[in-house]
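# Secondary and tertiary structure notes
For reference, the chains in residue letters:
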Amino acid sequence: TQLLEQSPQFLSIQEGENLTVYCNSSSVFSSLQWYRQEPGEGPVLLVTVVTGGEVKKLKRLTFQFGDARKDSSLHITAAQPGDTGLYLCAGVNAGGTSYGKLTFGQGTILTVHP
Amino acid sequence: DAGVIQSPRHEVTEMGQEVTLRCKPISGHNSLFWYRQTMMRGLELLIYFNNNVPIDDSGMPEDRFSAKMPNASFSTLKIQPSEPRDSAVYFCASSLGLANYQETQYFGPGTRLLVL
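Report on the accompanying structure. Small disclaimer: the values here were computed from a predicted structure and weren't measured.

### Side note on the packing of aromatic side chains
- Counted by the stated rule, this structure contains nine aromatic pairs over all chains.
- When the ring of Trp34(A) is compared with that of Phe63(A), the centres are 6.4 Å apart and the planes differ by 45 degrees; the resulting orientation is tilted. Here Trp34(A), found in strand β4 (residues 31-37), pairs with Phe63(A), found in strand β7 (residues 61-65); they are 29 residues apart in sequence, far enough to count as distant.
- The class of Trp34(A) is buried, set by a relative accessible area of 0%.
- The buried category is assigned to Phe63(A), whose relative accessible area is 0%.
- With a centroid separation of 6.3 Å and 80 degrees between ring planes, the pair formed by Phe91(B) and Phe107(B) is classed as edge-to-face. Here the residue Phe91(B) occupies a position in strand β9 (residues 88-95), and Phe107(B) occupies one in strand β10 (residues 106-107), the gap between them amounting to 16 residues.
- We classify Phe91(B) as buried; its relative accessible area is 2%.

### A short note on unusual backbone geometry
- For the peptide bond that leads from Ser7(A) to Pro8(A), omega is -5 degrees, which places it in the cis range.
- Inspection of the secondary structure puts Pro8(A) in the loop between β1 (5-7) and β2 (10-14).
- With an omega of -10 degrees, the peptide bond between Ser7(B) and Pro8(B) qualifies as cis.
- Counting through the fold element by element, Pro8(B) comes out in the loop between β1 (5-7) and β2 (10-13).
- The backbone phi angle of Arg69(A) is positive, close to 60 degrees, even though this residue is not glycine.
- Looking at the element boundaries, Arg69(A) is found in the loop between β7 and β8 (71-76).

### Considering the pattern of salt bridges
- Scanning the model with the defined rule gives 12 salt bridges over all chains in all.
- Here Asp83(A) ties to Arg60(A) by a salt bridge, and the two come within 2.9 Å at their closest N and O atoms. On the criterion of sequence distance, the pair formed by Asp83(A) in the loop between β8 and β9 (85-92) and Arg60(A) in the loop between β6 (55-58) and β7 is long-range, its members being 23 residues apart.
- Of the residues examined, Asp83(A) reaches a relative accessible area of 8% and is grouped as buried.
- Glu62(B) serves as the salt-bridge partner of Arg64(B), at 2.8 Å between the closest nitrogen and oxygen.
- Exposure remark for Arg64(B): the relative accessible area of 10% places this residue in the buried category.
- Through salt bridges with shared partners, a single network forms among Glu62(B), Arg64(B), Glu83(B), Arg85(B) and Asp86(B).

### Side note on the state of the cysteines
All names here are of chain A.
- According to the stated counting rule, one finds two disulfides over all chains in the structure shown.
- The disulfide that involves Cys23 links it to Cys89, with 2.0 Å between the sulfurs. With the S-S dihedral at roughly 75 degrees, the linkage between Cys23 and Cys89 falls on the right-handed side. Taken together, the residues span a long stretch of sequence, with Cys23 in strand β3 (residues 19-24) and Cys89 in strand β9 at a distance of 66 residues. We note that Cys23, like Cys89, is buried.

Cut-offs used in this document
Residues numbered from 1 in each chain as written. Chains lettered and ligands numbered in written order. Predicted model: local features only at pLDDT ≥ 70, side-chain atom pairs only at ≥ 80, totals over all residues. Heavy atoms only, no water. Phe/Tyr/Trp six-rings, centres within 6.5 Å; stacked < 30°, edge-to-face > 60°. Helix = DSSP H or I, 4+ residues; strand = E, 2+ residues; numbered from the N terminus. Buried < 20%, exposed > 50% of the residue type's maximum accessible area, 1.4 Å probe, protein only. Salt bridge = Lys/Arg side-chain N within 4 Å of Asp/Glu carboxyl O. Disulfide = S-S within 2.5 Å.

Dropping the structure here:
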């Protein structure tokens, strides 16, 4: 069974601070996705990283895929209250009997205080 | 596009009752996923379909759970009989297909189920 461990589980910071969320696995994934979920809604895809070592930027968010495609990180610069939410990483399988299946991490609940 | 539509949004029922959750995927999407989310276990994949055919149901917890996709625009997840430990938020998601590992899954708003 493939598992994704996310850390930290909870993060409470002040507006303007930087933060990093980590997603680690002992398994290799074809790609890795990051989602953001707000209360009462479903997760929404932020980014997909595919190549080992890949770095993608989305405004103040920077996503990195590990060289071995087993881990990923999400870094937020100068966090704002609007960044508050649940952040989920998900590994994508592109082969075998689990083709197309997403394995989600437990999530990181981020609270940014004004 | 209206996005993935789920009904009901909230369901409160008593233990032992049958519960049916419904999902309408985005038009043109060929793959449909059912997830369950709890604080303890996070977001878990229950079952997914491709072209209306179940591909992997290994996440379905027990025989009390069943899912169907009679056509490309409708799916149901049924729990019979329901138990308090089934209380969770159930999400349906759809995607264009499974062929592309960069495929985006679009989630519905979820059904919040409480079994008393």
